Amino acid sequence: MSFALIVSVMISLVVMIASATLFVRLATGLRQLRQLADLPERLPAAPPRVSIVVSALNEAATLEPALRSLLALDYPDMEIIAIDDRSTDATGEILDRLEREDARLRVLHIRELPSGWLGKNHALQRGSELASGKYLLFTDADVVFERGALRRAVAHCESERLDHLVVLAEFIVRERLLAMLLLGGTAFMLSRQIGRAH
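As the structure is a prediction and not an experimental result, all values here were calculated from the model.

### A look at helix α4 (residues 119-130)
(1) Moving on: In this model, α4 (12 residues) spans 17 Å end to end at C-alpha, consistent with the 16 Å of a helix rising 1.5 Å per residue.
(2) Moving on: Residues of α4 that are buried include every one of Gly119, His122, Ala123, Leu124 and Gly127, and no others.
(3) Moving on: Close packing links the buried residues of α4 with β1 (50-56), β2 (78-85), β3 (105-110) and β4 (135-140).

Spelled out as structure tokens, the structure:
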């Protein structure tokens, strides 16, 4: 047997063992994660105010369903701050129309990006400056929320006395390549988090 063949076989074995280990850690970690849908919705008697901050740059195609899902949330004390971050499509007009329909929605139009800032970071910072809630929820302009999601998330934060909560979305992907990329990226991120927890 040649030296190159032995090295190739050993590398293949190491990759297979590492892959199997990653799979086991991922499977174990996924079972430990709580599902937002399974959490109770019981809020305190005086639920804290939540400020939802949404940044949108040329999101006319996805913005309205996402914002309507936020406006349909069954949470008693919330405000939605939507930032039109220099859009060149109909994003600004959609935001203005929805703002006229619902007083819980406030719209901020950003025309120029200050020197030294990245666009989305700047937009979210500006939105957070307008926020009045105990909790800030940062979301994208193409995310559609389930009606009870915010109630469950806040109830969980209050009952567990959490200062920070990250929720993984359920992805609806119609393109196979994008689905594979999302799955691979999610597996990588979860494996890193699981490794840190042990």
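Still to come is the rest of the account.
### A short note on the environment of Cys157
(1) Moving on: Tracing the chain through its elements places Cys157 in helix α5 (residues 149-160).
(2) Moving on: In this structure the C-alpha to C-alpha distance between Cys157 and Leu43, which are 114 residues apart in sequence, comes to 9.9 Å.
(3) Moving on: What Cys157 contacts, discounting residues up to four positions off in sequence, is Tyr135, Leu162 and Leu165.

### As for the nonpolar core
(1) Moving on: Judged by nonpolar contacts, the single largest core of 26 residues is most densely connected at Val50, Ile52, Leu67, Ile80 and Leu150.
(2) Moving on: Breaking this core down by element, the ones donating at least two residues are β1, α2 (63-71), β2, α3 (91-101), β3, β4 and α5.
(3) Moving on: Aside from chain neighbours lying at most four places away, what touches Ile80 is Ile52, Val54, Leu67, Leu70, Leu71, Arg104, Leu105 and Arg106.
(4) Moving on: In this structure, Ile81, Ile83, Ile110 and Leu124 belong to the second largest nonpolar core, which totals 7 residues.

### Points about unusual backbone geometry
(1) Moving on: Look at Asn58: it is not a glycine, yet its phi comes out positive at around 55°.
(2) Moving on: Mapped onto the elements, Asn58 comes out in the loop between β1 and α2.
(3) Moving on: We note that Arg86 has phi near 65°; this positive angle belongs to a residue other than glycine.
(4) Moving on: Residue classification places Arg86 among the partly exposed positions, given a relative accessible area of 28%.

### Overview of the environment of Ala60
(1) Moving on: Relative to the helices and strands, Ala60 resides in the loop between β1 and α2.
(2) Moving on: You can call Ala60 partly exposed: its relative accessible area is 26%.
(3) Moving on: Put simply, Ala60 and Ala141 are 81 residues apart on the chain and 9.2 Å apart in space, counted from C-alpha to C-alpha.
(4) Moving on: Residues within four places of Ala60 in sequence aside, it is in contact with Asp89, Ala90, Thr91 and Ile94.

### A short note on the packing of α2 against α3
(1) Moving on: For the pair α2 and α3, the least separation of the axes is 10 Å and the interaxial angle reads 25°. Overall, the two elements α2 and α3 adopt an arrangement that is roughly parallel. Seen from above, α2 lies across α3 with right-handed handedness. Packed against α2, whose contacting residues are Leu63, Glu64, Leu67 and Arg68, the element α3 presents Thr91, Ile94, Leu95, Arg97, Leu98 and Glu101 at the interface.
(2) Moving on: For the contact of α2 with α3, the per-class residue count stands at 5 nonpolar, 1 polar and 4 charged.

Here is what the cut-offs are and how they apply
- Residues numbered from 1 in each chain as written.
- Predicted model: local features only at pLDDT ≥ 70, side-chain atom pairs only at ≥ 80, totals over all residues.
- Heavy atoms only, no water.
- Helix = DSSP H or I, 4+ residues; strand = E, 2+ residues; numbered from the N terminus.
- Expected span 1.5 Å × (residues − 1).
- Buried < 20%, exposed > 50% of the residue type's maximum accessible area, 1.4 Å probe, protein only.
- Contact = heavy atoms within 4.5 Å.
- Core = buried A, V, L, I, M, F, W, Y, C linked by side-chain atoms within 4.5 Å.
- Axes fitted to C-alpha atoms, helices over the stretch in contact; angles between N-to-C directions.
- Parallel < 35°, antiparallel > 145°, perpendicular 65-115°, else oblique.
- Left-handed = near helix turned anticlockwise from the far one by under 90°.
- Nonpolar A, V, L, I, M, F, W, Y, C, P; charged D, E, K, R; others polar.

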